[in-house]
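Observations on chain architecture
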Amino acid sequence: MTTTRRQQVTVDVHVILERDDHILLCLRQGTGYADGLYCLPSGHLDPGETVIDCAVREAREEVGVVIAPDALRPATVVHHLSPEGQPRVGFFFVTESWGGEVVNAEPGKCAKVGWFPVDVLPGNTVPYTTAGVGREGVGIGAHGWPS
């Protein structure tokens, strides 16, 4: 009997906090991955966690805000292939509503947070992040895969 080997992927969840046509980005540091580049508040899905629960948790852990689950809108999904050849699926959510003030809640992993125009992201933004930003309502995208 032949068994089919199924592709396994890492699931990432990204939160787009939007205010006055600007989005919040975090400058990575000390993580060993994409240090010196900007990204959205984001992280990996934990076992037993929904993507919505993950978005709420990551926003709280990384930038100190509380988001009601029903305040999140799905923006897009990106099927990403990392430069190391590892497949990932990223769920991007957007919201303009949260409680609390934005802070750098993980200074060991983030050098600073800042607001940037959604249509002019810094040149040192993680390409995977750029692939998901500004795609709200566009649907599913692919990034990093060979043409």
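Notes on the structure in this doc start here. Keep in mind the model is a prediction, meaning the values are calculated, not measured.

Further remarks concern the pairing of strand β2 (residues 22–28). Counting buried positions over the seven residues of β2 gives six, a clear majority of the element. Pairing of β2 with strand β7 (residues 110–117), which is carried by seven bridges, proceeds in the antiparallel orientation. In the strand pairing of β7, H22 is matched with P117. Note that β2 and strand β3 (residues 38–39) share two bridges and pair antiparallel. Across the sheet, residue L27 finds its bridge partner in β3, namely Y38.

This part is about the layout of surface pockets. Of the volumes computed, that of the largest pocket is approximately 540 Å³. In terms of lining residues, the largest pocket is bounded by 23 residues, among which R28, Y33, S42, G43 and E62 are the most central. Among the elements of the structure, β1 (10–19), β2, β4 (42–44), α1 (51–63) and α2 (127–132) are those that each provide at least two residues to the lining of the largest pocket. The residue inventory of the lining of the largest pocket, partitioned by class, reads seven nonpolar, eight polar and eight charged.

If you look at the biggest cluster of nonpolar residues, it comprises 18 residues, and the most contacted ones within it are I16, I23, L25, L40 and F92. The biggest single contributor to this core is β2, with three residues. The residues contacting I16, other than those within four sequence positions of it, are I23, L40, A75, F92, F93, V94, T95 and G132. Judged by nonpolar contacts, the second largest core, of 15 residues, contains V15, L17, V56 and C110.

Bridge analysis of strand β5 (residues 73–81) against strand β6 (residues 87–95) gives eight bridges, and the strand direction is antiparallel. Following the sheet pairing, H79 is matched in β6 by V89. Turn length for the β5-β6 hairpin, with the two strands adjacent in sequence and antiparallel, is five residues, and the turn residue G85 shows positive phi of about 85°. Bridging between β5 and strand β8 (residues 139–143) involves five bridges; their strand directions are parallel. Within β8, the residue paired with H79 across the bridge is A142.

Cut-offs and rules
- Residues numbered from 1 in each chain as written.
- Predicted model: local features only at pLDDT ≥ 70, side-chain atom pairs only at ≥ 80, totals over all residues.
- Heavy atoms only, no water.
- Buried < 20%, exposed > 50% of the residue type's maximum accessible area, 1.4 Å probe, protein only.
- Helix = DSSP H or I, 4+ residues; strand = E, 2+ residues; numbered from the N terminus.
- Pairing = 2+ DSSP bridges.
- 1 Å grid on protein atoms, 1.4 Å probe; cavity = no way out; pocket = protein on both sides within 12 Å on 5 of 7 lines; lining within 4 Å.
- Points joined across faces, edges and corners; volume = space filled by probe spheres on them.
- Nonpolar A, V, L, I, M, F, W, Y, C, P; charged D, E, K, R; others polar.
- Core = buried A, V, L, I, M, F, W, Y, C linked by side-chain atoms within 4.5 Å.
- Contact = heavy atoms within 4.5 Å.

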